Amino acid sequence: MGRAKKNKAIEIGGETVNPGDRLSLELEIAKLYTHAPLNVSIEVLNGKLSGPTLLICAAIHGDELNGIEIVRQIMARTDTKKLRGTIIAIPVVNVFGFIHKSRYLPDRRDLNRSFPGSERGSIAGRMAYQLFNEVISQCTHVIDLHTAAIHRTNLPQIRANLENQEAAAMATAFGAPVVVDAALREGSLRAEAERIEIPVITYEAGEALRFEPYAINAGVRGCIRVMRHLGMLRQSRRKLPYKPVTARATRWVRADADGIFRSHIALGEMVSKQQVIGIISDPAGSQEVEVIAPQSGILIGQQTLPVVNEGDAVFHIAFFSQPDDLIEQHMEDYRDQVKDDQDDELKWGIGTLST
Ligand SMILES: [Zn+2]
């Protein structure tokens, strides 16, 4: 890295954070019925030297918790004296949903469909407006941390609009085993931030309402790799021990019957065309219906609840342009890395990052 200029102070919610400082601040976002204010806690780590302003946020869906621990670990490891640029971290964006262990807001609206929001709108619109104007619009890059929706689980993956070159470069740098080129959804943080030219990547890993070491470790490492890619931290000479692959397409496989669902495959596993990947039966198991893979690919998400109705989406499979054996090798290398991660001190605590 060349010589960097001294960083500037940053102002959020009326508070100023000087270069080299870190501050926990509260942004009042709404009021409860009791008139008590409801705040979103924001951590600002303002580096001594200038660089990008990266937002790392979690729990925009209030029941998606893995990202909260990812944010905590990144905060604990970051030294503002060595940081170039600024990290704005929001461990819990949707505080309402978080309190109720729910994806949504009290009016059943999805905060991640409410951006850029409106000053005089419903509670979802007002929260989105405040966050968008006070925080998101000040950022140059965003990493939005999610898990699968309730009763489902996801293989660690990055979703991004790969036509946006900066987002595509962040997606590659993150190093999740799979990258999915995902269309922008109206009202999502990702779509609305990109509309004002802020590249966003979405990390999806694990289940709602859980802390899962494999999803958290991959998330912490991924965010740090993106920070290195953006020049916020010193480069590492270590190479990823596996090669992330970009899906050509993804598809949900639906249940053909109502009943008890048993999965025969695990996340990250290769499936071949016509393979039986699950069974749906009556509780006693006398009438069984097979769930068949429509094409060969990698399992990137699946339902964890063992009861299904006909038409429920039960398996999410990603398809690739590269040959199956190559993709399978990359996934095996990725799984070996996960095993190594779980053996080391990184599992929960604060340690030195090796990748
Ligand atoms: Zn989500």
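This text goes with the structure placed above it.
Report follows, based on the coordinates. (Residues numbered from 1 in each chain as written. Predicted model: local features only at pLDDT ≥ 70, side-chain atom pairs only at ≥ 80, totals over all residues. Heavy atoms only, no water.)

### Regarding the overall build of the chain
- Looking only at helices and strands, the chain features seven helices and 19 strands.
- Taking the principal axes of its C-alpha atoms as reference, the chain extends roughly 65 × 55 × 35 Å.
- Burial status across the chain gives 54% buried among its 355 residues.
- Partitioning the contacts of the chain with sequence separation of at least 6, the portion at a separation of at least 24 is 70%. (Helix = DSSP H or I, 4+ residues; strand = E, 2+ residues; numbered from the N terminus. Buried < 20%, exposed > 50% of the residue type's maximum accessible area, 1.4 Å probe, protein only. Contact = heavy atoms within 4.5 Å.)

### Section: the packing of aromatic side chains
- Per the counting criterion, the structure on display carries four aromatic pairs.
- Ring geometry for phenylalanine 115 versus phenylalanine 132: centroids 6.2 Å apart, planes at 45°, classification tilted. With phenylalanine 115 in the loop between α2 (95-99) and α3 (123-134) and phenylalanine 132 in helix α3, this pair connects stretches of sequence that are 17 residues apart. In terms of burial, phenylalanine 115 and phenylalanine 132 fall into one category: buried.
- Ring centres of phenylalanine 261 and phenylalanine 315 lie 5.5 Å apart, and the angle between their planes is 70°; this geometry places the pair in the edge-to-face category. Pair noted here: phenylalanine 261 is in strand β13 (residues 259-263) and phenylalanine 315 is in strand β19 (residues 313-319), with a separation of 54 residues, a long-range link. Just as phenylalanine 261 is buried, phenylalanine 315 falls in that class too. (Phe/Tyr/Trp six-rings, centres within 6.5 Å; stacked < 30°, edge-to-face > 60°.)

### Comments concerning the coordination of the zinc ion
- In the first shell of the zinc ion, the protein supplies His61 (ND1), Glu64 (OE), Glu64 (OE) and His146 (ND1), at 2.0 to 2.5 Å from the metal.
- Note that the zinc ion binds four donor atoms; their angles at the metal cover 56 to 148°, and the shape is irregular.
- We note that the donor set of the zinc ion lies within a single chain, spaced as H-x2-E-x81-H. Taken as a pair, glutamate 64 in the loop between β5 (49-58) and α1 (66-77) and histidine 146 in strand β7 (residues 141-146) lie far apart in primary sequence, 82 residues in all. Just as glutamate 64 is buried, histidine 146 falls in that class too. (Donors = N, O, S within 2.8 Å, 3.2 Å for Na, K, Ca; no water. Tetrahedral: all angles 85-135°; square planar, octahedral: opposite > 155°, others 65-115°.)

### Brief notes about the pattern of salt bridges
- Applying the stated rule across the entire model yields nine salt bridges.
- Glutamate 28 is paired through a salt bridge with lysine 31; the nearest N and O atoms lie 3.3 Å apart.
- We note a salt bridge from arginine 109 to aspartate 107, for which the minimum N-O separation is 3.1 Å.
- Here the salt bridges share partners, and the residues they tie into one network are Glu64, Arg103 and Asp110. (Salt bridge = Lys/Arg side-chain N within 4 Å of Asp/Glu carboxyl O.)

### Topic: α1
- With twelve residues, α1 extends 17 Å from end C-alpha to end C-alpha; this agrees with the ideal 16 Å at 1.5 Å per step.
- Across the twelve residues that make up α1, a large majority, ten, are buried.
- Of the positions making up α1, those classed as buried are Asn66, Gly67, Ile68, Glu69, Ile70, Val71, Gln73, Ile74, Met75 and Arg77. (Expected span 1.5 Å × (residues − 1).)

### A few points about the side chain of threonine 78
- Topologically, threonine 78 is positioned in the loop between α1 and β6 (84-90).
- Classification of threonine 78 as buried rests on a relative accessible area of 12%.
- In terms of polar contacts, threonine 78 uses its side chain to reach the backbone carbonyl oxygen of isoleucine 74, at 2.6 Å.
- With residues up to four places along the chain from it excluded, the contact list for threonine 78 reads Arg22, Leu45, Leu83 and Ile87. (Polar contact = N/O pair within 3.5 Å; in protein donor to acceptor, adjacent residues only side chain to side chain.)

So, to be careful, I would describe these as geometric facts and stop short of saying anything about function.
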